[in-house]
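Results of the structural survey
Below are the chains, spelled out letter by letter.
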Amino acid sequence: MPDAIPQRKVHIKTWGCQMNVYDSVRMADVLAPLGFSVSETLDDADMVILNTCHIREKATEKVFSDLGRLRALNEQRRAGGRDELIVAVAGCVAQAEGEALVERAPVVDMVFGPQTYHQLPEMVVRVLERRGERVLNTDFPVVSKFDHLPEESAGQGVTAFLSVQEGCDKFCTFCVVPYTRGAEFSRPVAQVLAEARRLVAGGAREITLLGQNVNAYHGEGPDGRVEGLGTLIRRLAGIDGLLRIRYTTSHPKDMDEDLIAAHGEVPQLMPSLHLPVQSGSNRILQAMNRKHDRDAYRRIVERLRRARPDLALSSDFIVGFPGESDRDFADTLGLVAEVTYAQAYSFKYSPRPGTPAAAETDQVPEPVKAERLQSLQQLLNAQQLAFNRACVGRTLDVLVDRAGRRPGQWSGRTPYLQAAHFSAPDDMAGDRHGRLIDVQIVEAHANSVAAVPAGEPDGRPDTAGATARAERHPV
Ligand code: SAH
Ligand code: SF4
Ligand code: F3S
């Protein structure tokens, strides 16, 4: 009889973008057959994986401070006669700093990049069998990890992530992603659909398709021909029980006609879109190698809003890119005022090793960056609040993904991705988790909206709305 697999625990800490979140889930899937289950804490863990982000300097620094803490923890464990934690560094810092990490941080047993975590079993066995041996695995394998990953070991819950595209060939001059994630790659359509069906069978009602440039998706279709993201979304919309589809992150240049049309035609495709522009200055857009100018971006937004007038836009901005003048920054403020966003992220430019912009001599002084960030965020925050306020009085559906702190409290997201909270009598309405509930927005906050159940003063669900939806996409 084969030996029973020893039961062990892995704690995974995730930084960075949603793709890292997805990768962490998949690492757990890869480790499950080795007897590893996920632990929410370090205390009872046998192994820790730091799934890291390299996008800005701050993100990278956090990894090194965590490694310092892990070194102290392992010393304590050794002194107490306990086995030391196996320490692994994964993700984009691992990819970028592989050898330096091995050299600078003796506590690290294993370093592997975003494209090699399907080889985790071999790496873990090597470290376990030959304690003291350290593994560095930052290749870009020719064969995709997706062809080797096991099926998901558990559902992700009501809202799930699904990576469909990875890597980037755009080489914006500020960005490390093309170096850490490698060349653009799209998963075949059939593989994506199969994973989506399994996620829905496991309880997912909303799927967010992920990619560093998700709208550059060009996967091989069933007949061998390449298909774009618009077609993929239409195919996914045919899956029974999948109520909502989102995708992120998009590059303006890859926003094609078919995808824009899908926003007007596919009811499951939610009316919110993250479309980073980074800057409103043509000069800076060019220096960033964004491959489009301000007008091209505005025209894309116009076409999108023609297809879906209520589209809630979000974006990313960088302030203080090398050479950015007051005038360039004013152009960014001007573009924001024109486009109007429902939500946005903005960052101070952070020079990244190995990227062209880091070598520029006209770096913007820190205090100027800080000042610009503050005024941009003021404008963006005001727009976000205005968007939330404009929703007050409207009836929107919320996909309930969690129960609130007190009984009868529920939270979820509106179609526009706003966090919404509402109360409903539990006993009368039953479990709302995973259901689409019509609510009326009654109050707007900076980062969320408060709501009450619509059309159910007696606490019973709004059956008319529910029936209409059930006809469209049965649960
Ligand atoms: N693929 C996406 C962005 C991925 S990185 C796109 O093309 O839009 C997420 C965001 O981090 C970027 O949109 C950018 O705003 C920010 N970012 C990337 N590199 C940065 C840097 N060096 N300094 C500051 N912000 C950066
Ligand atoms: Fe980075 Fe630009 Fe690629 Fe986005 S498109 S991941 S910002 S290089
Ligand atoms: Fe960070 Fe890598 Fe994502 S650098 S933002 S984790 S692709």
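Residues numbered from 1 in each chain as written. Chains lettered and ligands numbered in written order. Predicted model: local features only at pLDDT ≥ 70, side-chain atom pairs only at ≥ 80, totals over all residues. Heavy atoms only, no water.

What about the packing of aromatic side chains?
Both the distance between ring centres and the angle between the ring planes are used here to describe each pair of aromatic rings. The condition that has to hold: In this analysis, rings of Phe, Tyr and Trp, with Trp reduced to its six-membered ring, are considered paired at centre separations within 6.5 Å, and the interplanar angle assigns stacked below 30 degrees, edge-to-face beyond 60, and tilted for intermediate values. The helix and strand labels rest on DSSP assignments: H or I over at least four residues marks a helix, E over at least two residues marks a strand, and numbering proceeds from the N terminus. Burial status follows relative accessibility: with a 1.4 Å probe on protein chains alone, a residue under 20% of its type maximum counts as buried, one over 50% as exposed, and anything between as partly exposed. Two limits define a charge over a ring: the Lys NZ or Arg CZ must be within 6 Å of the ring centre, and within 35 degrees of the ring normal.
Per the stated rule, a full pass over the model turns up six aromatic pairs. Ring centres of Phe146 and Phe185 lie 6.3 Å apart, and the angle between their planes is 5 degrees; this geometry places the pair in the stacked category. Taken as a pair, Phe146 in the loop between β6 (135-137) and β7 (159-163) and Phe185 in strand β9 (residues 185-186) lie far apart in primary sequence, 39 residues in all. According to the relative accessible area criterion, Phe146 is buried, its value standing at 7%. Here Phe321 and Tyr349 contribute two aromatic rings whose centre-to-centre distance is 5.5 Å and whose plane-to-plane angle is 70 degrees, an arrangement assigned as edge-to-face. Here the residue Phe321 occupies a position in the loop between β15 (312-319) and α11 (326-339), and Tyr349 occupies one in the loop between β16 (343-348) and α12 (366-390), the gap between them amounting to 28 residues. Per residue, the accessibility class of Phe321 equals that of Tyr349, and both read buried. Among the aromatic residues, those joined into a cluster by ring pairs are Phe174, Phe321 and Tyr349. In this structure, Arg56 is placed above the aromatic ring of Phe347, and the distance from its NZ or CZ to the ring centre is 3.6 Å.

Digging into the site of ligand 1
The criterion, for reference: Nearness is judged by heavy atoms alone; a residue qualifies as near a molecule or strand once a single heavy atom is within 4 Å of it. Here a polar contact is recorded for every N or O atom pair within 3.5 Å, except that within protein the pair must consist of a potential hydrogen donor and a potential acceptor, and residues adjacent in sequence are included only if both atoms are side-chain atoms. Each accessible area value is a Shrake-Rupley result obtained with a 1.4 Å probe; residue values ignore everything except the protein chains displayed when judging cover. Asp, Glu, Lys and Arg are counted as charged, while Ala, Val, Leu, Ile, Met, Phe, Trp, Tyr, Cys and Pro are counted as nonpolar; the rest, among them Gly, fall into the polar class.
In the region of ligand 1, 15 residues are neighbours, and Phe174, Gln212, Gln278, Asp316 and Ser350 sit closest. Contact distances for ligand 1 include 2.7 Å between a nitrogen atom and a backbone N or O atom of Gln212. Within the side chain of Asp316, an N or O atom sits 2.6 Å from an oxygen atom of ligand 1. Relative to its free-state accessible area of 540 Å², ligand 1 is covered by the protein chains to the extent of 90%. The residue inventory of the shell around ligand 1, partitioned by class, reads six nonpolar, four polar and five charged.

Observations concerning the confidence of the model for the chain
What counts is decided by this rule: Across the chain, each position has a pLDDT score giving the predictor's confidence in that residue, from 0 to 100. Here, two residues are considered to be in contact whenever any of their heavy atoms come within 4.5 Å of each other.
Of all residues in the chain, 94% have pLDDT values of 70 or greater, and the mean over the chain is 91. Predicted confidence for residues 457-475 stays below pLDDT 50, and this span has 25 contacts to residues more than four positions away or in other chains.

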